[in-house]
Amino acid sequence: MDTDAHRLESSLWVGRKRYRAVLNGWHFSWTLLDKQNRDRKTVSVPVSELIGVEEGQVEFQPQKKVTETDRDFTVFSIKRHCKGGGSGVFWTLGRTQFYCPSRDLRDRWVTQLRNALKTHSPSRPHRLLVFINPFGGKKRGRKIYHSLVAPLFELAGISTHVVVTERANQARDHILKKDLTGFDGVVCVGGDGMFSELLHGVIGRTQQEAGLSEHDPTVTLQPCDLHIGIIPAGSTDCVCFATVGVNDPVTSTLHIIIGDSQPLDVCSVHHTSLFVRYSVSLVGYGFYGDVLAESERYRWMGPLRYDFSGCMVFLSNRSYRGKVYFLPADSQLSSPRDNTRCFAGCHVCSESTERLFPQSDSISHTGFLYSTQYSQHSSPWEGEWETVEGEFKCISLTCMSSCCPRSPLGLSPSAHLADGTADLILVRDTHPLGFLTYLHRHTNSQDQFDLPFVEVHRVKAVRFSPPPGEDEAEQLDDPDSGGTVMAEDDGQGETAAGGDWTGSAQHLSARVQERGVVGTKKRAKRDFLCGPCCRRSPSVSVWNCDGELLPFTEVLCRVHGQLVRLFARGIEEEFVTCNGTLGKKNFKGRYITHT
Ligand SMILES: Nc1ncnc2c1ncn2[C@@H]1O[C@H](COP(=O)(O)OP(=O)(O)OP(=O)(O)O)[C@@H](O)[C@H]1O
Ligand SMILES: CCCCCCCCCCCCC/C=C/[C@@H](O)[C@H](CO)NC(=O)CCCCC
Ligand SMILES: [Ca+2]
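Because the structure is a prediction, the values reported are computed rather than measured. (Residues numbered from 1 in each chain as written. Chains lettered and ligands numbered in written order. Predicted model: local features only at pLDDT ≥ 70, side-chain atom pairs only at ≥ 80, totals over all residues. Heavy atoms only, no water.)

**What to know about the overall build of the protein chain**
Turning to step 1, where the next piece is worked out: Within the protein chain, the regular secondary structure consists of 12 helices and 29 strands.
Turning to step 2, where the next piece is worked out: Relative to its full complement of 595 residues, the protein chain shows a buried share of 56%.
Turning to step 3, where the next piece is worked out: Within the protein chain, contacts between residues separated by at least 24 positions form 72% of all contacts whose residues are at least 6 apart in sequence.
Turning to step 4, where the next piece is worked out: For the protein chain, the accessible surface area stands at approximately 26,200 Å², while carbon and sulfur atoms represent 51% of it. (Helix = DSSP H or I, 4+ residues; strand = E, 2+ residues; numbered from the N terminus. Buried < 20%, exposed > 50% of the residue type's maximum accessible area, 1.4 Å probe, protein only. Contact = heavy atoms within 4.5 Å. Areas by Shrake-Rupley, 256 points an atom, 1.4 Å probe, with all protein chains shown as cover.)

Structure representation (structure tokens):
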């Protein structure tokens, strides 16, 4: 036996085979020895990918079953699987049971492995606040959590407080108002709508505590410390898919347990002096807005409603006039047509961290670097705005690729999760076959931007104006509201940074919600009069913001680089080696293999 504070080496048995096991800094490995003590096959597990170390013979299928013995210990770690066909990398719980020649040695291994876990995985969560939407997706949220997720949290020693929601926005309000002391993260069990609740809660809470107004689009918002975890259990789990690569509750749970951390760009949507909503995936006008509005009538169809509504809206062959203003991002850094993809350890995103937080000199409690000195009022509008006017089939803005099972490469395959930019896709009016070609290319690897009526720009901000007099929601209940997006304080303290904005924010949110209802009612009436295959096409569409309809047509969107962090690491780039093992790129960009 060879041992010091950080290293332990000895012979161990796995089943009837003898191994030389080594715990060496960041790795635990065991090498099969033959009768002549020659090395054979080595299995190596990074300490960061250990889930737990238990005394005795411990089974987990998925409930824990312990057989107490003096000389055994069981190691649980992450095991990767690939179901083929580009379906992504799934993680499951790997289990290896070791037998030691003495009890003393067994105790040393258990102690040393547990110490290594503490030392080398400091960002693991200890306590989580979990929200389950019992009605999301196929209504299996509770079952998924209790049968697949909770036992893994218990094995990893993570304590939880679980809230089964009883109404929409309960999770958001809980995060905004309740004491969150002691929690290292918040987790939702549900779909994109539940994620959005957590996103709004976490960002809102962080700005409240920093005394910043979410209404002012020029304010640099405070990045959020509290991590968000997503256990996919909705009908659309686009954010999970785009940040993990698969929609699988066990894979996501394991990412949460090991404290993975993926920064995410967030787009804030404003209307005049009002903050309206945040988006990470899609702010879409025209086709995607109409599909969402149409799908509301067919909720009873479940996830199929989007396909059905998609067909209806496609057949209606609508297009909409408007003016799009955008602030281009630095084209030297990356481009939406550079054929790259944002994978785990993406260097474009890592370099963006240095650009977004240039004087990173403080470490938050979660161990991540944030600047203490960046200006909260430095102008975000540096650069020349460009304008495109015309008639559009759809206008989409996405901070990430927005890939999902429906579209494996997404709305913008080369977009990055955390580069501080979004991709603006403008699809001009065209004949139905052309638009169908554009849509169909989302489902295969053909370039959807290589079409004469499509343009794509990498941007930092976007503003949209419908033709004059067409913002119907705006005219509806507020004849005084101006048409300027970057409005000044209207004198009621609504946009005043530093004032008592929390109260007015509530008032504003109420107004946004109220207008949403009125706007939606009016839209329903309009849709009744000119339905999908209608007599008269409406002149304005509606914005889809990550699956929610917005009550305003005129909007300003600003990208906030790396505003939140998820318990994820981005999509792992997979490949299968000639001997059938699965490989991936590690954080340093090197390929490693796993059995
Ligand atoms: N207890 C509840 N009752 C009703 N609605 C709820 C409840 N809890 C959460 N919600 C709301 O349900 C919406 C949809 O939930 P979720 O995203 O989990 O499922 P989904 O099936 O993917 O959603 P969608 O129906 O939007 O595709 C969310 O926007 C959330 O605000
Ligand atoms: C001929 C075949 C045509 C097939 C066309 C497929 C096109 C798929 C593009 C995929 C776009 C994903 C955009 C992501 C949207 C989510 O943030 C949002 C919230 O969950 N979902 C919706 O708005 C739900 C509404 C999404 C509408 C698709
Ligand atoms: Ca981005």
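**Details of the nonpolar core**
A general trend in soluble globular proteins is that nonpolar side chains are found buried together.
Turning to step 1, where the next piece is worked out: Core analysis: the biggest nonpolar cluster contains 48 residues, and Phe131, Val186 and Phe195 have the highest contact counts within it.
Turning to step 2, where the next piece is worked out: Sorting elements by how many residues they give to this core places helix H4 (residues 192-210) first, with six residues.
Turning to step 3, where the next piece is worked out: Counting contributing residues, this core receives three or more from each of domain 2 (123-261 + 567-595) and domain 3 (267-343 + 382-412 + 451-488 + 505-559).
Turning to step 4, where the next piece is worked out: Leave out the neighbours within four places in its chain, and Val186 touches Leu129, Phe131, Ile175, Leu198, Val202, Leu226, His227, Ile228 and Gly229.
Turning to step 5, where the next piece is worked out: Ranked by size, the runner-up nonpolar core spans 28 residues in total, among them Cys267, Val283, Phe326 and Ile395. (Core = buried A, V, L, I, M, F, W, Y, C linked by side-chain atoms within 4.5 Å. Domains from an automatic or database assignment.)

**A word on the coordination of the calcium ion (ligand 3)**
When a metal carries six donors in an octahedron, the ideal angles between them are 90 or 180 degrees, while four donors in a tetrahedron ideally lie at 109.5 degrees.
Turning to step 1, where the next piece is worked out: Bound to the calcium ion (ligand 3) on the protein side are Asp265 (OD), Cys399 (O), His416 (O), Asp419 (OD) and Thr421 (O), at distances that span 2.3 to 2.5 Å.
Turning to step 2, where the next piece is worked out: Sequence spacing of the donor residues for the calcium ion (ligand 3), all on one chain, is D-x133-C-x16-H-x2-D-x1-T. You can see Cys399 sitting in the loop between strand S21 (386-398) and strand S22 (422-428) and its partner Asp419 sitting in the loop between S21 and S22, a full 20 residues away along the chain. You'll find Cys399 and Asp419 in the same group, each marked buried. (Donors = N, O, S within 2.8 Å, 3.2 Å for Na, K, Ca; no water.)

**Here's the deal with the site of ligand 2**
Turning to step 1, where the next piece is worked out: As a structural note, the neighbourhood of ligand 2 is formed by 16 residues, with Asp192, Thr236, Ser281, Asn544 and Asp546 the closest of them.
Turning to step 2, where the next piece is worked out: At 3.3 Å from an oxygen atom of ligand 2 is found a side-chain nitrogen or oxygen belonging to Thr236.
Turning to step 3, where the next piece is worked out: Ser281 is positioned with one of its side-chain polar atoms (N or O) 2.8 Å from an oxygen atom of ligand 2.
Turning to step 4, where the next piece is worked out: Within the complex, the protein chains bury 84% of what would otherwise be the 700 Å² of accessible surface of ligand 2.
Turning to step 5, where the next piece is worked out: When the residues that make up the shell around ligand 2 are grouped by side-chain class, the tally is seven nonpolar, seven polar and two charged.
Turning to step 6, where the next piece is worked out: Lining the shell around ligand 2 are residues from two domains, each supplying at least three of them: domain 2 (123-261 + 567-595) and domain 3 (267-343 + 382-412 + 451-488 + 505-559). (Near = heavy atom within 4 Å. Polar contact = N/O pair within 3.5 Å; in protein donor to acceptor, adjacent residues only side chain to side chain. Nonpolar A, V, L, I, M, F, W, Y, C, P; charged D, E, K, R; others polar.)

**Examining the environment of His174**
Turning to step 1, where the next piece is worked out: Within the secondary structure, His174 sits in helix H3 (residues 170-177).
Turning to step 2, where the next piece is worked out: A relative accessible area of 15% means that His174 is categorised as buried.
Turning to step 3, where the next piece is worked out: Linking His174 and Glu197, residues 23 residues apart in sequence, is a C-alpha distance of 9.9 Å.
Turning to step 4, where the next piece is worked out: What His174 contacts, discounting residues up to four positions off in sequence, is Leu129, Phe131, Val163 and Leu180.

**Considerations on helix H6 (residues 249-257)**
Turning to step 1, where the next piece is worked out: Most of H6 sits out of view: nine of its nine residues are buried.
Turning to step 2, where the next piece is worked out: Restricting attention to buried positions, one finds in H6 the residues Pro249, Val250, Thr251, Ser252, Thr253, Leu254, His255, Ile256 and Ile257.
Turning to step 3, where the next piece is worked out: Positive phi shows up at Gly259, right after H6, with a value of about 70°.

**Things to note about the site of ligand 1**
Turning to step 1, where the next piece is worked out: Taken together, 22 residues surround ligand 1, and among them Gly137, Thr165, Gly191, Glu197 and Ser235 come closest.
Turning to step 2, where the next piece is worked out: Surface burial for ligand 1 is 82%, taken as the share of its 620 Å² of free accessible area covered by protein chains.
Turning to step 3, where the next piece is worked out: Going through the elements one at a time, H4 and helix H8 (304-316) are the ones with two or more residues in the shell around ligand 1.
Turning to step 4, where the next piece is worked out: Counting contributing residues per domain, the shell around ligand 1 is built from domain 2 (123-261 + 567-595) and domain 3 (267-343 + 382-412 + 451-488 + 505-559), each supplying no fewer than three.

**Regarding the pairing of strand S18 (residues 320-328)**
Turning to step 1, where the next piece is worked out: The pairing of S18 with S21 spans seven bridges and is classified as antiparallel. Within S21, the residue paired with Val324 across the bridge is Val388.
Turning to step 2, where the next piece is worked out: Pairing of S18 with strand S23 (residues 454-465), which is carried by six bridges, proceeds in the antiparallel orientation. Across the sheet, the residue bridging to Phe326 is Val462, located in S23. (Pairing = 2+ DSSP bridges.)

**With respect to the pattern of salt bridges**
Turning to step 1, where the next piece is worked out: Counted under the stated rule, the structure contains 23 salt bridges.
Turning to step 2, where the next piece is worked out: In this structure, Arg337 engages Asp447 in a salt bridge whose closest nitrogen and oxygen atoms are separated by 2.8 Å. Of this pair, Arg337 sits in the loop between S18 and helix H9 (347-356) while Asp447 sits in the loop between helix H10 (432-440) and S23, and the two are 110 residues apart along the sequence.
Turning to step 3, where the next piece is worked out: A cluster of three or more residues bridged by salt bridges with shared partners is formed by Glu49, Arg80, Asp260, Arg569 and Glu572. (Salt bridge = Lys/Arg side-chain N within 4 Å of Asp/Glu carboxyl O.)

**Regarding helix H1 (residues 103-120)**
Turning to step 1, where the next piece is worked out: Here H1 is 18 residues long and its end C-alpha atoms lie 26 Å apart, about the 26 Å a rise of 1.5 Å per residue gives.
Turning to step 2, where the next piece is worked out: If you check which residues of H1 are buried, you get Leu105, Arg106, Trp109, Val110, Gln112, Leu113, Ala116, Leu117 and His120. (Expected span 1.5 Å × (residues − 1).)

**Some remarks on unusual backbone geometry**
Turning to step 1, where the next piece is worked out: In this model, Asn169 sits at a positive phi of 70°, which is unusual for a non-glycine residue.
Turning to step 2, where the next piece is worked out: Structurally, Asn169 can be placed in the loop between strand S12 (159-164) and H3.
Turning to step 3, where the next piece is worked out: Even without a glycine there, the phi angle at Gln562 is positive, about 50°.
Turning to step 4, where the next piece is worked out: For Gln562, the position within the fold is in strand S26 (residues 555-566).

**Here's the deal with the domain arrangement of the protein chain**
How big an interface is tends to be reported as the loss of accessible area on association of its parts.
Turning to step 1, where the next piece is worked out: By the assigned domains, the protein chain splits into domain 1 (2-122), domain 2 (123-261 + 567-595) and domain 3 (267-343 + 382-412 + 451-488 + 505-559).
Turning to step 2, where the next piece is worked out: Of the residues lining the interface, 27 residues belong to domain 1; the matching set on domain 2 comes to 24 residues.
Turning to step 3, where the next piece is worked out: With both sides pooled, the region where domain 1 packs onto domain 2 buries about 2,300 Å², and carbon together with sulfur makes up 64% of that total.
Turning to step 4, where the next piece is worked out: Among the residues of domain 1 in contact with domain 2, Ile51, Arg80 and Trp91 are the three that bury the most area, contributing 32% of the side total.
Turning to step 5, where the next piece is worked out: Summed over the shared surface of domain 1 and domain 2, the result is two salt bridges.
Turning to step 6, where the next piece is worked out: With a closest N to O distance of 3.0 Å, Glu572 and Arg80 form a salt bridge.
Turning to step 7, where the next piece is worked out: For the pair domain 1 and domain 2, the number of links is eight residue pairs in polar contact (both at pLDDT 80 or more).
Turning to step 8, where the next piece is worked out: If you list the elements that add at least two residues to the side of domain 1 that touches domain 2, you get strand S6 (50-55), strand S9 (72-82) and strand S10 (89-99).
Turning to step 9, where the next piece is worked out: The residue makeup of the side of domain 1 that touches domain 2, split by class, is 14 nonpolar, eight polar and five charged. (Buried area = accessible area lost by both parts, 1.4 Å probe.)

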